[in-house]
Amino acid sequence: MSFKLKTVLGIALIEALILALLVTLSLNFLYNSYSEAVQDQTRATAEQFSLTVRNALLSDDLASLETFARSIVGSDDIVYSRILDGKGAVLAEAGELEALAREFHQDTSLQSVEDDVFDMAVKIEVDGYFFGSVQIGLSTQEVYLVMREARNELILIALTEMVLVAIFSLLLGFYLTRQLDLLQKGADSIASGDLGYTLPVVGNDELADTARSFNKMSVDLVALQSQLFEDLVDTSSDWFWETGDTGRLERISKDFYHYDQVPILEKDIIGKTWSEIIIAGDSQQKDIEARLRDCVFKEEPFRDIVYVRD
C-alpha cells in the first residue's frame, strides 16, 4: 500500500469515527429533546382536557363528555381520548378504533412506546376526592419522521465532509509523496555515482528544509570525494588519473610529470585523451586506442594496459 493511499485511508478513518460519534451524539440529543417535548405536550394536553371535562364528569353529563371526547381527537396529533369514572368505567371515548381496542399502558418516555402512540392518563380530583380520569394518545409518527429526516441530513452532511476531507487528503498525500519521490530520485542518483545532484527547493516548510539538507550533503560528498582522490593521488606510488565524459584527462598523479626523470608539462597532458598523448605512429598506439574506445563504449574500467615508452 502506497504512502499516499495510507494517508488518505488514515485521515478518512479518523474522520469517519469522529463524524459517526458526532452524528450519534446529535441524534441522541435531538431524540431526547423531542422525547421531552412530546411528554410535555401530551401532559399539558391531558391536564387541559381533564379541566375541560371535570364539570361534565361531576354532573354526569354524558352528552357533553362525548362531545368533549370527539372534539379533542385529531387536534395536536391526538389519536384517541377516553373519559373514565372513579371506578374505571368508560363514560366516553373517541378516536381510532385500533388505538381504543388496545389495553391502556401509560408511557413514561418515547423509548417505552411500542405502538407509535404515546399514552398518558391524568386523574380528576376535587378537594382531595378522586372522581375519575382522562386518557389520551399522541401519535409519535411525526416525531420519528422528523428524526429520520434529521438523521438523513446529518448523514448527508457527514458524507459530504468525508468526501471533501478525502480530496484534501489526496492532495496532501500527492504533495508529500511528490517530495518523497524527489528525495528517492536524488538518493538513487547519488548511489549511481552522480554526486552533487541537487533537488529543487520550493517553499519554506520542513520538506523544503529536508531538501536543503540533502543538497548540502550531496555537495559535501563531491568535496569529500575530491579530497579523498587528492589524498590518494598524492600518497600513492602508482599513477592515478581522472577523465571526464569525453575521456579527456582532468587530473593525474604528480609523479607522472617526472616519469623516468623526464619532465612533462601539465599543458601537454590535461585536457587531452590518452590517444593524443601517446606518440603518433607508435606501434602500440592503435591497440591502446582500440581498447580505450571499447572500454568507453562498454562503460568499463580501463585497466591492464602496459605501455612501454621508448
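We now turn to the structure provided with this report. (Residues numbered from 1 in each chain as written. Predicted model: local features only at pLDDT ≥ 70, side-chain atom pairs only at ≥ 80, totals over all residues. Heavy atoms only, no water.)

## Some thoughts on the overall build of the chain
- Along the chain, the regular secondary structure elements total seven helices and six strands.
- In sequence order, the chain lays out its α and β elements as α-α-β-β-α-β-β-α-α-β-β-α-α.
- Here the chain holds 310 residues, and 29% of them are scored as buried.
- Within the chain, contacts between residues separated by at least 24 positions form 49% of all contacts whose residues are at least 6 apart in sequence.
- Accessible surface, the chain as shown: approximately 20,300 Å² in total, 57% of it carbon and sulfur. (Helix = DSSP H or I, 4+ residues; strand = E, 2+ residues; numbered from the N terminus. Buried < 20%, exposed > 50% of the residue type's maximum accessible area, 1.4 Å probe, protein only. Contact = heavy atoms within 4.5 Å. Areas by Shrake-Rupley, 256 points an atom, 1.4 Å probe, with all protein chains shown as cover.)

## As for the environment of Glu250
- Counting through the fold element by element, Glu250 comes out in strand β6 (residues 249-252).
- Counting along the chain gives 23 residues from Glu250 to Thr273, while the straight-line C-alpha distance between them is 9.6 Å.
- In this structure, Glu250 is in contact with Glu242, Thr243, Gly244 and Ile270, ignoring residues within four places of it in sequence.

## Topic: the pairing of strand β1 (residues 78-85)
- Of all eight residues that make up β1, eight are buried, and the element is covered over most of its length.
- Pairing analysis gives seven bridges linking β1 to strand β4 (residues 129-139), with the strands arranged antiparallel. Within β4, the residue paired with Ile78 across the bridge is Leu138.
- Judged from the five bridges that link them, β1 and strand β2 (residues 90-95) form a sheet pairing that is antiparallel. (Pairing = 2+ DSSP bridges.)

## Focus: the sheet that holds β4
- Read across the open sheet, the four strands follow the order β2-β1-β4-β3; overall the sheet is antiparallel. Where the open sheet ends on each side, the last strands, each with one partner, are β2 and β3 (117-126). Between one strand axis and the next, the sheet turns by 10 degrees as a mean value, whatever way the strands run.
- The strands touched by helix α2 (residues 62-72) are β1, β2 and β4; relative to β2, the strand with the most contacts, the crossing angle is about 30 degrees. (Axes fitted to C-alpha atoms, helices over the stretch in contact; angles between N-to-C directions.)

## Considerations on unusual backbone geometry
- Phi angles above zero are rare outside glycine, and Asp116 is one such case at about 65 degrees.
- Here Asp116 shows up in the loop between α3 (97-101) and β3.
- The phi torsion at Asp127 lies on the positive side, around 55 degrees, for a residue other than glycine.
- Relative to the helices and strands, Asp127 is located in the loop between β3 and β4.

## Description of the side chain of Asn215
- Within the secondary structure, Asn215 is located in helix α5 (residues 206-235).
- Given a relative accessible area of 13%, Asn215 falls into the buried group.
- Contacts of Asn215, omitting those with residues within four sequence positions, involve Tyr197, Thr198, Leu199 and Val201.

## As for the nonpolar core
- Counting residues in hydrophobic clusters, the biggest one holds 25 residues, and the most contacted among them are Phe49, Val53, Leu65, Ile83, Leu110, Phe118 and Val134.
- Those elements that provide at least two residues to this core are α1 (3-58), α2, β1, β2, β3, β4 and α4 (141-191).
- Top contributing element to this core by residue count: α1, with seven residues.
- With sequence-adjacent residues up to four places away left out, Val53 is seen in contact with Leu65, Phe68, Ile83, Ile124 and Val134. (Core = buried A, V, L, I, M, F, W, Y, C linked by side-chain atoms within 4.5 Å.)

## A few points about α2
- Here α2 has its buried residues at Leu65, Ala69 and Ile72. Burial along α2 is one-sided: seen end-on, the buried residues are contained in an arc of 80 degrees. Summarising the geometry of α2, the exposed residues directed more than 90 degrees from the buried face are Ala63 and Ser71.
- Gly74 sits one or two positions beyond α2 and adopts a positive phi of about 95 degrees. (Arc of directions from axis to C-beta.)

## Some remarks on empty space enclosed by the protein
- All chains considered together, the criterion is met by one cavity of 30 Å³ or more.
- Space inside the largest cavity adds up to approximately 50 Å³.
- Class assignment for the residues of the lining of the largest cavity results in six nonpolar, two polar and no charged. (1 Å grid on protein atoms, 1.4 Å probe; cavity = no way out; pocket = protein on both sides within 12 Å on 5 of 7 lines; lining within 4 Å. Points joined across faces, edges and corners; volume = space filled by probe spheres on them. Nonpolar A, V, L, I, M, F, W, Y, C, P; charged D, E, K, R; others polar.)

## Some thoughts on a nonpolar patch on the surface
- On the surface, Val163, Leu164, Ile167 and Leu171 cluster together to form a nonpolar patch covering roughly 400 Å² of accessible area.
- Within the secondary structure layout, Leu171 lies in helix α4.
- Looking at Leu171, the relative accessible area reads 58%, which means it is exposed. (Patch = residues over 30% accessible without salt bridge, like charges linked within 9 Å, V, L, I, M, F, W, Y side chains within 5 Å. Salt bridge = Lys/Arg side-chain N within 4 Å of Asp/Glu carboxyl O.)

## Digging into the pattern of salt bridges
- Here the structure, examined in full by the defined rule, presents six salt bridges.
- Note that Arg70 and Glu66 form a salt bridge whose closest N and O atoms lie 3.8 Å from each other. A residue pair is termed a helical-turn pair when its members lie 3 or 4 positions apart in one helix, as Arg70 and Glu66 do in helix α2 at four residues.
- The exposure class assigned to Glu66 is partly exposed, which follows from its relative accessible area of 28%.
- Across the salt bridge formed by Glu98 and Arg102, the nearest N and O atoms sit 3.8 Å from each other.

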